[in-house]
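Descriptive structure summary
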Amino acid sequence: MNKDLARKLIAIVASKKADGYSKSDFTNILSFKRSLLPPDNIDRFISVSLEDKLIVEKNGKYVPNFSTEGVIVPLDFSVNADELFSEATEKPLIDRMLEAASASGKMTKKEAIIRAKELLSGMQFIDFETAMITVLSDSGIDVSPFVSEKENSF
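Residues take numbers from 1 onward in each chain, read along the sequence in its written order. A pLDDT threshold of at least 70 governs which residues receive local features in this predicted model, and a stricter bar of 80 or more applies before side-chain atom pairs are shown or counted, although totals over entire chains, interfaces and linings include all residues. Side-chain calculation: all heavy atoms of the structure are included, whereas hydrogens and water are not.

Quick look at the nonpolar core
Inside soluble globular proteins, nonpolar side chains tend to come together where they are buried. Which entries qualify depends on this criterion: To qualify as a nonpolar core, a set must consist of buried Ala, Val, Leu, Ile, Met, Phe, Trp, Tyr and Cys residues joined through side-chain atoms within 4.5 Å. Relative accessibility thresholds used throughout: buried, under 20% of the residue-type maximum; exposed, over 50%; partly exposed, between the two (1.4 Å probe, protein chains only). For the purposes of this entry, the term helix denotes a DSSP run of H or I that reaches at least four residues, the term strand denotes a run of E that reaches at least two, and both are numbered from the N terminus. Should any heavy atoms of two residues lie within 4.5 Å, those residues are counted as being in contact.
Membership of the largest hydrophobic core comes to 28 residues, with the highest contact counts inside it found for Leu9, Phe26, Leu30, Phe45 and Leu84. Among the secondary structure elements, those contributing two or more residues to this core are α1 (3-14), α2 (23-33), α3 (42-51) and α4 (81-85). Broken down by element, the residue count for this core peaks at eight residues, all from α1. Aside from chain neighbours lying at most four places away, what touches leucine 84 is Met1, Asn2, Leu5, Ala6, Leu9, Leu37, Phe45 and Val79. Of all hydrophobic cores here, the second largest spans 17 residues; its members include Met97, Leu136, Ile141 and Val143.

Some words on the side chain of arginine 7
The criterion, for reference: Positive charges come from Lys and Arg, negative ones from Asp and Glu, while His and the chain ends are left out of the count. Salt bridges are defined by distance alone: a side-chain nitrogen of Lys or Arg within 4 Å of a carboxyl oxygen of Asp or Glu.
Tracing the chain through its elements places arginine 7 in helix α1. Of the buried charged residues, arginine 7 lacks a salt bridge, with glutamate 99 as the closest side chain of opposite charge at 5.4 Å. In contact with arginine 7, not counting residues within four places along its chain, are Leu54, Phe66, Val71 and Ala103.

With respect to the environment of aspartate 25
Its place among the elements puts aspartate 25 in helix α2. Considering only alpha carbons, one finds aspartate 25 and valine 13, 12 residues apart in sequence, at a separation of 7.2 Å.

A short note on the packing of helix α5 (residues 93-104) against helix α8 (residues 144-152)
What describes two packed helices is the angle between their axes and the distance between those same axes. The line we're drawing: Helix axes are fitted only over the stretch in contact, all axes being lines through C-alpha atoms; the angle between N-to-C directions runs from 0 to 180 degrees. In what follows, roughly perpendicular refers to angles from 65 to 115 degrees, roughly parallel to angles under 35, roughly antiparallel to angles over 145, and oblique to any angle outside these ranges. Crossings are sorted by hand: turned counterclockwise from the far helix by less than a right angle, the near helix makes the crossing left-handed, and turned clockwise it makes it right-handed. Ten residue types, Ala, Val, Leu, Ile, Met, Phe, Trp, Tyr, Cys and Pro, are classed as nonpolar, four, Asp, Glu, Lys and Arg, as charged, and the remainder, Gly among them, as polar.
Two numbers describe how α5 lies on α8: the axes approach to 11 Å, and their chain directions differ by 170°. Classified by the interaxial angle, the pair formed by α5 and α8 is roughly antiparallel. Taken as a pair, α5 and α8 cross one another with a handedness that is left-handed. Here Leu93, Arg96, Met97 and Ala100 of α5 come into contact with α8, specifically with Phe146, Glu149 and Lys150. Looking at the contact of α5 with α8, its residues break down into four nonpolar, no polar and three charged.

Given below as structure tokens:
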């Protein structure tokens, strides 16, 4: 699943209520109010979001597993099911790391870039991606998928 699009959809639902959300909340907001996903795709969206740990189930309600405050959803945001359920691996590694930084709510993309550049200023033998992994790790953001992908690139 394209996690960036999924985070935006979850943030849309999360903006309407403060506590957990039911399947009907997802259906009402994403299908009927915003016309972003057909109602028959909501079950799939919820199950894949649970698998990807974007949401967790607590007391029969679904709760985002990330800070929705850092997610910016444009007014003209739209999504189709094929794009949503496709893998987002076609995006460059650095873009996915910056999205993870902003989705965590711990820093913005700009702050992450500035911190990585500061780290690089004193180093000679590391690249920007490695510096970004270090910055994310120091901030308590899970970098294991990025590390394994970076290792595979060697």
